[in-house]
Amino acid sequence: MNLISFRTRVALNGVLAGALCFGLTACNKQEKSGTVAQKVAAVVSDTDPLALSSTLADRLPPSAAGFYMLRISHPAFQRLQASDWKNENVLDFANVQPGSAESKVATSRLMLALRDAGFDLANEASWRSTLSEIAVFATPPVAVGDAQPQVGFGAIVSPQAGTDLNVKFVALKEALKKHQFPVVDETFGSVAGFSTTLRPEDIGGTGGEALPMFVGWTESFGVMSTQKDLASATLAAAPGSAPILKSPGMKQAAAQFGANAERYGVGYLDIATVLPAIAQAQPNVKPGEFPFQAAAFESAMGDTPRTAVSIVVEPKTPEQRELFASLGSATSAAILASVPESPMLFLSLEGTLIRNIQRLALGANPPTPGDPFALLNDVKRIALSGRVGAVGQSFLPIPDLVIAIETSSPQQTIDTLVSLASASLSASGPGGMMASDKEIAGVKAKSFMSPLGFAVNFAATDKLALISSSDAPMASAIQGSKSGTSTFLASLPAEGKSTLADGKTVANFYVNFPQIGSFMESMGGMLSMFGGQQPGQTGPKLTDPESIAAIKKKGTLLGAITYEGETLNLKSSFAKAPAA
């Protein structure tokens, strides 16, 4: 399990392989006085709480529209690497699976050249002892000659102390030549360097155009870029001169994070700056009507990992102003009472958000009476929770699921849903699910039984309309709703209670990895049959005890989306698994 895993990691690993790691073949010493982090002059800025001054982010080129900086030598990142969440980062090549896109990057021609130059990305000890900081950045498209405008990508890298970058970059240059990469000497103002060309297959890809890469370095840092002018501008930029660090969007987005000594990674994208280029490529995007202006991202590690994303919103149309003004209008307090003590997962969405999704998807006005979607008009919140089902409960090892709908008229909502279900089942003909009346936890319920042995139950309490996949979770949900006490919340640490229940959220979620591991164990042979390895494939199976144990060690993940102060915020954090 890897939260920033595949999509983010493949994207950043490509840059790491193609740019970031070009010059990072340093010695394995801890950071000391005299590194670039100390040499760069401290600059007081609007984003000082993020501690971006005196870091590589402080050296971003003037044209940078987005960046992500990772502090490898930061104590928080070192704690992450020593934890059960060590693979929740963008540099992990050690545990890639054969045949995966990541394995192709890890064994690509470029990676072999890096290894020959003395830097092995597949060796955790190598890159942890070599890298100090990395700042990846991007610029809006720039036309080069008669070619189509191209987005500029680059990276600034800082090694650990005591490294002669000239020796290391020259070693890399020779290793590239050895592996048949074209290498051309270059100058970037007064700085010497070289350039090469990377084909997609050189970095584990397939198809597409070759990518130029320009490399230059000083005594304290190196720069890699897909454009020569961009490399020159980065090498010549004065510390603290990057406009992006002082932009209003950066100030507003980063203000949601505040000072945090446990932060090891931070990123920012000035969406407004790149919108014209996006609109040129996607005519359906209209910059004058696009509400998202900027986004900031942070990674932190205390006892457990935490991440946060903050998006600056500027509604442009009456519909957008109505949509965003209505977000975050309800808490999860009532609906949380229906959740069992140790769910495998929990997800709740605000009713306003659901109605807006329905309206955008169907392009329609609010549903009128008689329309099946009309039941959404009165919904305050909807939640889905699930846990591992009892052994032998049904023919298929499916989890126990409960859908809880908070509304001012729960019984009417259930009556409508039962009517819709009955009509649908009648139309499907014989052999389907059979309906019956029953009583669960003192409440009258309607149940539809499947030939496979699982049921769909419908019942209502004073506050909630409930749908469940079997009797046991329905009884638990009814009892919790009646008492108004959440055994689920009571089992969480204070931070978890605050994230899920306190305040008004657009959405919140919870994932219990020990329970997911138990569910995988219950699936057993079925997962091995349908999700196991292909002939000739090596590496651990998803259902191997070792793999399941690793998943269980992830503990729990919880998070919430809120909208406040004209920013849309997503915060998530892990919690340690309970002691066995």
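What counts as what
- Residues numbered from 1 in each chain as written.
- Predicted model: local features only at pLDDT ≥ 70, side-chain atom pairs only at ≥ 80, totals over all residues.
- Heavy atoms only, no water.
- Helix = DSSP H or I, 4+ residues; strand = E, 2+ residues; numbered from the N terminus.
- Buried < 20%, exposed > 50% of the residue type's maximum accessible area, 1.4 Å probe, protein only.
- Contact = heavy atoms within 4.5 Å.
- Core = buried A, V, L, I, M, F, W, Y, C linked by side-chain atoms within 4.5 Å.
- Salt bridge = Lys/Arg side-chain N within 4 Å of Asp/Glu carboxyl O.
- Axes fitted to C-alpha atoms, helices over the stretch in contact; angles between N-to-C directions.
- Parallel < 35°, antiparallel > 145°, perpendicular 65-115°, else oblique.
- Nonpolar A, V, L, I, M, F, W, Y, C, P; charged D, E, K, R; others polar.
- Phe/Tyr/Trp six-rings, centres within 6.5 Å; stacked < 30°, edge-to-face > 60°.
- Polar contact = N/O pair within 3.5 Å; in protein donor to acceptor, adjacent residues only side chain to side chain.
- Pairing = 2+ DSSP bridges.

Let's shift gears to the overall build of the protein chain. A tally of helices and strands in the protein chain yields 20 helices and 20 strands. Out of the 580 residues in the protein chain, the part that is buried amounts to 49%. Looking at the protein chain alone, contacts between residues at least 24 apart form 65% of all its contacts between residues at least 6 apart.

Ranked by internal contacts, the top residues of the largest apolar core, which has 41 residues, are Phe77, Leu110, Trp127, Leu176, Val215 and Tyr264. With five residues, helix α7 (residues 165-178) is the largest single contributor of residues to this core. With 32 residues, the next largest nonpolar core counts Leu56, Phe188, Val191 and Tyr268 among its residues.

One pass over the full model with this rule turns up 11 salt bridges. Between Asp202 and Arg109 there is a salt bridge; the shortest N-O distance is 2.8 Å. Note that Asp202 is positioned in the loop between β5 (191-198) and β6 (211-217) and Arg109 in helix α5 (residues 109-116), a separation of 93 residues in sequence. The exposure class of Asp202 is buried, given its relative accessible area of 2%. Residue classification places Arg109 among the partly exposed positions, given a relative accessible area of 21%.

Where helix α18 (residues 513-523) contacts helix α20 (residues 545-552), the axes come no closer than 7 Å and their chain directions differ by 155°. Judged by the angle between their axes, α18 and α20 are roughly antiparallel. Each of Phe513, Pro514, Ile516, Gly517, Ser518, Met520 and Glu521 in α18 lies in contact with α20, whose residues at this interface are Ile548, Ile551 and Lys552. When the residues that make up the contact of α18 with α20 are grouped by side-chain class, the tally is six nonpolar, two polar and two charged.

The geometry of an aromatic ring pair is captured by two quantities: the separation of the ring centres and the angle between the planes. Following the criterion strictly, the structure yields 12 aromatic pairs and no others. Centroid distance Phe77 to Tyr264: 5.3 Å. Interplanar angle 65°. Geometry classified as edge-to-face. Of the two residues, Phe77 is situated in helix α3 (residues 75-81) and Tyr264 in strand β8 (residues 263-269); the sequence distance between them amounts to 187 residues. An identical accessibility class is assigned to Phe77 and Tyr264; each is buried. Measuring from centroid to centroid gives 6.0 Å for Phe292 and Phe324, while their planes differ by 90°, and the two rings are edge-to-face. Of this pair, Phe292 sits in strand β9 (residues 292-301) while Phe324 sits in helix α11 (residues 318-326), placing them 32 residues apart in sequence. Of the residues examined, Phe292 reaches a relative accessible area of 25% and is grouped as partly exposed.

This paragraph deals with the side chain of Thr304. Positionally, Thr304 belongs in the loop between β9 and β10 (305-313). At 2.7 Å, the side chain of Thr304 forms a polar contact with the backbone oxygen of Phe574. When near neighbours in sequence (up to four residues on either side) are disregarded, Thr304 contacts Trp85, Phe574, Ala575 and Lys576.

Along the chain, the position of Ser310 falls in strand β10. When its relative accessible area of 0% is taken as the criterion, Ser310 is described as buried. Within the structure, Ser310 has its side chain in polar contact with the backbone oxygen of Ala253 (distance 3.4 Å).

So, on to the pairing of strand β18 (residues 507-512). Strand direction decides the pairing type here: strand β11 (residues 345-350) and β18, joined by five bridges, are antiparallel. Its bridge partner being in β18, Leu349 is matched across the sheet by Ala507. Examined bridge by bridge, β18 and strand β19 (residues 556-564) share six bridges and lie antiparallel to one another. When the sheet's bridge partners are listed, Ala507 is paired in β19 with Ile561.

Our next topic: the pairing of β10. Inspection of the sheet shows β9 paired to β10 by nine bridges, in the antiparallel sense. Following the sheet pairing, Ala296 is matched in β10 by Ser310. For β10 and strand β20 (residues 567-575), the ladder comprises seven bridges, and the chain directions are antiparallel. Looking across to β20, one finds that Thr307 is bridged to Ser572.

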